[in-house]
Structure formats: C-alpha cells, structure tokens
Amino acid sequence: MTTEITSRVAGSRRHNARTSESPRTDAWNHTDILDLDDFTREEIDTVLELADRMREILDRRIARVPALRGFTVVNLFYEPSTRTRASFELAGKVLGADVLSLSASTSSVQKGESLIDTVRTMRAMRADAIVIRHAMAGAPYLAAKHTDASIINAGDGAHAHPTQALLDLYTMRRHVGELAGKRVVMVGDIAHSRVARSDLWGLAAVGAEVVVCGPPTLLPRGLRAGDRPAHAESALPPVTIETDADRAIAGADVVMALRLQSERQEGGLLPSLHEYAQHYQVTAERLARAQPNHLLMHPGPKNEGIEISGAVAKGSHSIIEEQVTNGVAVRMALLYLLSGGKELPGEAAPAREEARR
Ligand code: MLT
C-alpha cells in the first residue's frame, strides 16, 4: 500500500478564484484541486457546465482564445504520463497560458531537490498553477502547504486523480444526462486505482449507483461499512461490492474497465494474468448483460487482452477516445476557474465559426 505523506488539507485559502465578471462560477471555492472529496455538487456542476463551453472552443477550426494570457502553468511529473500531461499542456495553450512541462528525470529532482524546493522554485518564477503527479499519496497536499500557487493533483500514488474523475463525469453526462440513479460499474484493480477513488467521490456527489468489482485481493479495505476506519474523513463513499464480473455488469448503464496497476501492487495478489483475464476482462459477452445502450469507458492506458478486450475497446459502445478529448475541455475549465475566470472565453467566440469536427 502507498505511504500517506500527509493528511488532507482542509478548506481553501489564498487568492479567491472568483470575480464579479465570471458568471456561473459563483459556486466555485477552490484554490487547489486535490481530490473530489471536498467538492460540492454545485462545484461539480460548475466545472461540467464550463467544460461544455470549453469543448465548443476546442472544436473550433482555430482552437485558441486569450482567456489565460499571462497565466503560467507548470507540469511537474514525477511519474510517467502520456495523456494527462499532454492534456494539461493543450488545455493551457488553447486558453493562451504559458505552459512548462518538467519531468523528474530531467530536472534538479535528480540532484536530490525536494518537492517543496522545486515547487517554491517554480513559484519564484511566477508559476500560477502547478500540476503535480507523484508516486506518493499526499505529495500534492504537501506542496499546497508550501506555496500560494494553485496545486492540481494529476495523480498521487493510489490515492486520487480528481481531474480524471471530472472528465469521466463530464463524458458520462454528455451521453446519459442526469447521472442520479444510473448504475456505474468499475471493474478491475480497484485497490490500487486513484481513478476509482476519485470517481467514487464524484459519482456519490451526483447520486449514481456505484458498483466496484474485482478479485477480493484487488478490492480496497475501507469500502465495506464494517471495515471503515474510525476517522471517517478517509473513508470512501458507500458502494456495492461484487466479486463476480457477470453479476456486476448486469444492468449497467456505464462500465469502466481499470488497468492492473502492477507498478503499485505487491506480488502474489493474482494467481495468473490469464486467470484474471478469464474472470474480469470486459468482453462483448459480459457487456451483453449491461443495458442495451450502455457506455464503455477506460481512463487509459489500457492493456487490451487483460482488463478489456480489443474488440469492445474499439466497439460502438466505447467512448474511450472521447474521454481523452473531454479531458482537455475539463482541464481548460479547471485552469480557467483557478485563474479567477476574468473573461469568459465563449463570449469572444464568433458563433458562426466552423466546427473543426
Ligand atoms: C492514472 O494515472 O491513474 C491513469 O489515468 C490510470 C492508469 O494509470 O491506469
């Protein structure tokens, strides 16, 4: 299990992200984005509504607006990433921000510089927002305590990945509409998945019925009411737990396959990959038990043939690539909100401009 560096930072502080000229952002009260456990339903709605407008900008033939001119975003990635890092980079660039990407392997981190020093150095260069991915749960919380730049958690160990959860909610909502009462089933390595944890908070806030499914060794402790820790703050919202994938998927509106997080697993959790795939791979046969118009999702990177079959990943119910596109729009919305949302970018857009797609 991952080490907790520090506990959650309560409340928000520093600059107020709202201005009187930013309509529909009144509910927003965050200076950092660390997880969704402290997001209200209204804040989630604010992000998703704004993401719609950002999606419209992203789909223009020339996807550029100056809403974040003069705003500097630094990507600080201590773990590998393809889509999250590129997504933040593009989100910032579409809105006219300056974006800088640093990876631990090519920065002074290699010379022993601490996370706190690196973050403070970036702030000294006037970074406004610092996006952090780190193998240690809690690392972005620690950073947030030592800088007044906005910290965005882009994945901390097995703990949280709030921007992925928001893009998941946004993508589901675009297809399904109101998510209250919808059956959302996550299948795979729930225990080590930061995506699953943040999704649980987001889905609980919007009233979805959540089912998590995996072999008992890959289901986290703390999910069952009986084994919740006394300090409820670190407990996860209530969900249905299922170890049989066929039963879990039956009647699902949304099925999300999750990768085996082998980089975070101790050995001996699975008898064999072959056996795991046999029992938990999301296949066409299993999806035949879901609702006829179900959606298939995956946060990526996916290992086809293990947690998901290649055929369904590319099949007609799959919205996996759309998740990636929507990720840019949601991150645009988040950067915009953190910047104080001075000019609403949609307003500057000529309505007649051709859509790119
Ligand atoms: C993550 O960074 O957690 C990814 O989006 C999901 C994964 O790595 O499987």
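Criteria and thresholds
- Every chain's residues receive numbers from 1 upward, in the order its sequence appears when written.
- Local features are withheld for residues below a pLDDT of 70 in this predicted model, meaning they are given only at 70 or higher, and side-chain atom pairs are given and counted only at 80 or more; totals for whole chains, interfaces and linings count all residues.
- By definition, a nonpolar core groups buried Ala, Val, Leu, Ile, Met, Phe, Trp, Tyr and Cys residues that are joined through C-beta atoms within 7 Å.
- In this scheme every C-beta is placed from the backbone, and a residue whose C-beta has 20 or more other C-beta atoms within 10 Å is buried, one with 12 or fewer is exposed, and one in between is partly exposed.
- An automatic or database domain assignment supplies the start and end points of every domain.
- Distance between backbone-placed C-beta atoms decides contact: two residues are in contact if it is within 7 Å.
- Nearness between a residue and a molecule or strand is assessed with a C-beta atom placed from the backbone; a distance within 6 Å qualifies.
- Note on residue categories: nonpolar means Ala, Val, Leu, Ile, Met, Phe, Trp, Tyr, Cys or Pro, charged means Asp, Glu, Lys or Arg, and polar means any other residue, Gly included.
- By definition, any uninterrupted DSSP run of H or I lasting at least four residues is a helix, any uninterrupted run of E lasting at least two residues is a strand, and each is numbered from the N terminus.
- A fitted line through C-alpha atoms serves as each axis, taken over the contacting stretch for helices, and the angle formed by two N-to-C directions is quoted from 0 to 180°.
- Note on angle classes: values under 35 degrees are labelled roughly parallel, values over 145 roughly antiparallel, values of 65 to 115 roughly perpendicular, and the remainder oblique.
- Crossing handedness is defined as follows: a turn of the near helix away from the far one that is anticlockwise and smaller than a right angle gives a left-handed crossing, while the clockwise case is right-handed.
- Pairing between strands requires that DSSP locate at least two bridges from one strand to the other.

Undergrad: Can you help me understand the nonpolar core in this one?
TA: Taken as a class, soluble globular proteins show a tendency for nonpolar side chains to be buried jointly. Among the nonpolar cores identified, the biggest contains 99 residues, and I130, V185, V187, V255, A333 and L335 are the most heavily contacted of them. Split by domain, this core shows at least three residues from each of two domains, domain 1 (41-158 + 325-348) and domain 2 (162-321). Beyond its immediate sequence surroundings of up to four residues, V185 is in contact with V211, C213, A248, I249, A252, V254 and V255.

Undergrad: How do you make sense of the site of the ligand when you look at a structure like this?
TA: Close contacts around the ligand come from G155, H161, Q164, R194, V195, R259 and P299, and that covers them all. Its residues assigned to classes, the shell around the ligand comprises two nonpolar, three polar and two charged.

Undergrad: Honestly, the environment of S309 in this entry has me stumped. Any pointers?
TA: Relative to the elements of secondary structure, S309 occurs in the loop between β9 (295-297) and α10 (310-313). Distance from S309 to V282, taken between C-alpha atoms, is 6.2 Å for residues 27 residues apart in sequence.

Undergrad: What exactly am I supposed to notice about the packing of helix α5 (residues 162-176) against helix α6 (residues 194-205) here?
TA: For any two helices packed against each other, the geometry is given by the interaxial angle and the distance between the axes. At a minimum axis distance of 8 Å, the contact between α5 and α6 shows a crossing angle of 55°. Accordingly, the angle class assigned to the pair α5 and α6 is oblique. As for the relative orientation of α5 and α6, their crossing is right-handed in sense. Residue-level contacts link P162, Q164, A165, L166, D168 and L169 of α5 to V195, S198, D199, W201 and G202 of α6. Counted by class, the contact of α5 with α6 contains six nonpolar, three polar and two charged residues.

Undergrad: Whenever I open this one, the sheet that holds β9 confuses me. Can you help?
TA: The strands making up a sheet are joined through hydrogen bonds of the backbone, oriented either antiparallel or parallel. Taking strand neighbours across the sheet as the criterion, the five strands line up as β7-β6-β5-β8-β9 in an open arrangement whose pairing is parallel. Of all strands in the sheet, those with a lone pairing partner are β7 (240-242) and β9, marking the two edges. Strand-to-strand twist across the sheet, computed as the mean angle between neighbouring axes with direction ignored, equals 20°. When strand β8 (residues 254-257) meets β9, the two strands line up parallel, connected through three bridges. Across the sheet, V254 pairs through a bridge with L295, a residue of β9.

Undergrad: Looking at this structure, I do not really get unusual backbone geometry. What am I missing?
TA: Working note: non-glycine residues mostly have negative phi, and peptide bonds are mostly trans. Between G300 and P301 the backbone carries a cis peptide bond, its omega angle lying at -5°. By the secondary structure assignment, P301 is in the loop between β9 and α10. Phi at R126 is positive, roughly 75°, even though this residue is not glycine. With 12 C-beta atoms counted inside 10 Å, the residue R126 sits in the exposed group.

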